[in-house]
Amino acid sequence: KIDYLCSLARQEQSVNAVAFSPNGLHLATGGETGSIVVWSVPPSKRGNGNGRHFWSTVEREQDLNVRVISHGRGGICDISWSLDSKRFLAGTIDHGVYVFEDKHYDSNKKTAALPVDSDWEEVYQNRMDHTHFVQGVAYDPLGVYLASMGSDRTVRVYPRKTPPKSKKKVLRPANAGDNNDCFPPPEHQRMVDQLPVSYT
């Protein structure tokens, strides 16, 4: 059985995209105005990793923290989160692919104190590769690639920036330093090591 909980109505025009973060703490929505609204579980309700269960108690907008990202460009067509919920991608009708990052993610992970509310900033944009609407975006589950597709009939794949000392086309997954269930199996790294060097 699916029960109605509440309506979230901060978007001023039609909503085109909606996506929960993998950790269950955030819900991002994007629409025609180009603004992105991120609804978040209040920091005081995130203890013991149970923040995602807070959604079952939500009855009104005021139960959630909200951040409005005034993108100021074309309408949002799609949103996709990174596996660690630190960043999300947005594709827009102005041919753009944008990455937004939680400025407090790392400090919140390191401290045992009450976390600070997430604050999102644009850390990357690409408006050159697509020549028409970017209708879909996706984060690689291992955090190595970003992908976008457009009404220009192309799919673009972007690797994370390669460190100066690396000669590989791809990097270790974004969560390679974490001790969690998302750490890739050894055969994945062996496949990465066999890739040819990058000439870019």
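Residues take numbers from 1 onward in each chain, read along the sequence in its written order. At least 70 in pLDDT is required for a residue's local features to be given in this predicted model, at least 80 for side-chain atom pairs to be given and counted, and no such filter applies to totals for whole chains, interfaces and linings, which use all residues. Excluding hydrogens and water, the side-chain figures rest on all heavy atoms present in the structure.

**Overview of the overall build of the protein chain**
Working step 1: Each helix and strand counted, the protein chain has two helices and eleven strands in total.
Working step 2: Note on conventions: DSSP H or I runs of at least 4 residues are helices, E runs of at least 2 residues are strands, and numbering of each starts at the N terminus. Starting at the N terminus and ending at the C terminus, the protein chain contains elements arranged as β-β-β-β-β-β-β-α-β-β-β-β-α.
Working step 3: For the protein chain, the residues scored as buried account for 42% of the 200 residues in total.
Working step 4: Long-range pairs, those at least 24 residues apart, make up 51% of the contacts in the protein chain with a sequence separation of at least 6. When accessible area is computed with a 1.4 Å probe and restricted to protein chains, residues below 20% of their type maximum are described as buried, those above 50% as exposed, and intermediate ones as partly exposed. We call two residues contacting when some pair of their heavy atoms lies within 4.5 Å.

**Some remarks on the sheet that holds strand 10 (residues 145-150)**
Working step 1: DSSP calls a pair of strands paired once it identifies at least 2 bridges connecting them. Reading across from one edge, 9-10-11 is the order of the three strands in this open sheet, with antiparallel pairing throughout. In this open sheet, the two strands that pair with only one neighbour each are strand 9 (134-139) and strand 11 (155-159). When strand polarity is set aside, the average angle formed by the axes of neighbouring strands in this sheet is 15 degrees.
Working step 2: With five bridges joining them, strand 9 and strand 10 adopt antiparallel strand pairing. From the neighbouring strand, Tyr-139 faces strand 10, where its bridge partner is Leu-146. For helices, the fitted axis covers only the stretch in contact; all axes are lines through C-alpha atoms, and the angles between them, taken along N-to-C directions, range from 0 to 180 degrees.

**Some thoughts on a nonpolar patch on the surface**
Working step 1: Every patch collects residues that have over 30% relative accessible area and no salt bridge, joining them within 9 Å if they carry like charges and within 5 Å if they are nonpolar side chains (Val, Leu, Ile, Met, Phe, Trp, Tyr). Where accessible areas are quoted, they stem from the Shrake-Rupley method and a 1.4 Å probe; at the residue level, only the protein chains shown are allowed to cover. What makes a salt bridge here is a side-chain nitrogen of Lys or Arg within 4 Å of a carboxyl oxygen of Asp or Glu, nothing more. Taken together, Tyr-145, Met-149, Val-155 and Val-157 make up a surface patch of nonpolar side chains, about 380 Å² in accessible area.
Working step 2: Broken down by secondary-structure element, the contributors of at least two residues to the nonpolar patch are strand 10 and strand 11.
Working step 3: With respect to the element layout, Met-149 can be found in strand 10.
Working step 4: Residue Met-149 is classed as partly exposed on the basis of its relative accessible area of 44%.

**Here we look at the confidence of the model for the protein chain**
Working step 1: Scored between 0 and 100, pLDDT is the confidence that the predictor attaches to each residue. Taken residue by residue, the protein chain gives an average pLDDT of 81. The fraction at 70 or more is 78%.
Working step 2: Confidence over residues 178-183 falls short of pLDDT 50; this stretch has eight contacts with residues more than four positions distant or in other chains.

**Points about the pattern of salt bridges**
Working step 1: The final tally for this structure, using the stated rule, is nine salt bridges.
Working step 2: Linking Arg-67 and Asp-117 is a salt bridge whose minimum nitrogen-to-oxygen distance equals 3.8 Å. Of the two residues, Arg-67 sits in strand 4 (residues 65-69) while Asp-117 sits in the loop between helix 1 (105-110) and strand 8 (120-126), which places them 50 residues apart along the sequence.
Working step 3: Classification of Arg-67 as partly exposed rests on a relative accessible area of 31%.
Working step 4: Accessibility expressed as a relative area gives 16% for Asp-117, which makes it buried.
Working step 5: With a shortest N-O distance of 3.7 Å, Asp-119 and Arg-67 are connected by a salt bridge. Taken as a pair, Asp-119 in the loop between helix 1 and strand 8 and Arg-67 in strand 4 lie far apart in primary sequence, 52 residues in all.
Working step 6: A cluster of three or more residues bridged by salt bridges with shared partners is formed by Arg-46, Arg-67, Lys-103, Asp-117 and Asp-119.

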